[in-house]
Amino acid sequence: MPHVDVNALYVQVRRRLVESGEWEQIRAVMNAKLNESGWCDEVHHKSKELARNMDPLSFKALHAEFARADTAIPLAVKREISGLIKQQLEKQFE
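Residues numbered from 1 in each chain as written. Predicted model: local features only at pLDDT ≥ 70, side-chain atom pairs only at ≥ 80, totals over all residues. Heavy atoms only, no water.

Per an unreviewed UniProt entry, the protein carries the name Transcription and mRNA export factor SUS1 and comes from Galerina marginata.

Below, the structure written as structure tokens:
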């Protein structure tokens with residue numbers, strides 16, 4: 001079985017998705033779903049509160065907290081976006 005360079009494959013598939021406009025469509029759906037679920041507001045408010053209580057203010061600490069926000073993404077949104085990505089991948093490899 002030949003060795004598959006997963007990183008190179010990812011770059012190639014992402015480039016195709018960007019060029020076709022599908023990447024932007026998936027991103028737009030994800031943003032809409034995250035907004036509808038209240039996730040964006042929750043992360044925004046949590047980050048503001050953390051920054052207000054931080055002394056001294058640390059970008060690094062805020063960024064680390066924000067980077068963990070993906071663990072709070074609603075399961076329904078994750079499943080829907082994963083489904084859209086899967087559909088696009090299946091189209092790429094037909």
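Resuming the write-up.
1. Concerning helix H5 (residues 75-92)
The first and last C-alpha atoms of H5 sit 26 Å apart over 18 residues, in line with the 26 Å expected at 1.5 Å per residue. For H5, the set of buried residues is Val 77, Ile 81 and Gln 88. Viewed along the axis of H5, the buried residues span an arc of 20°, placing them on a single side of the element. In this structure, H5 carries Ala 76, Arg 79 and Lys 86 as exposed residues pointing more than 90 degrees from its buried face. Of the surrounding secondary structure, the elements contacted by the buried residues of H5 are helix H1 (6-20) and helix H2 (22-37). (Helix = DSSP H or I, 4+ residues; strand = E, 2+ residues; numbered from the N terminus. Expected span 1.5 Å × (residues − 1). Buried < 20%, exposed > 50% of the residue type's maximum accessible area, 1.4 Å probe, protein only. Arc of directions from axis to C-beta. Contact = heavy atoms within 4.5 Å.)

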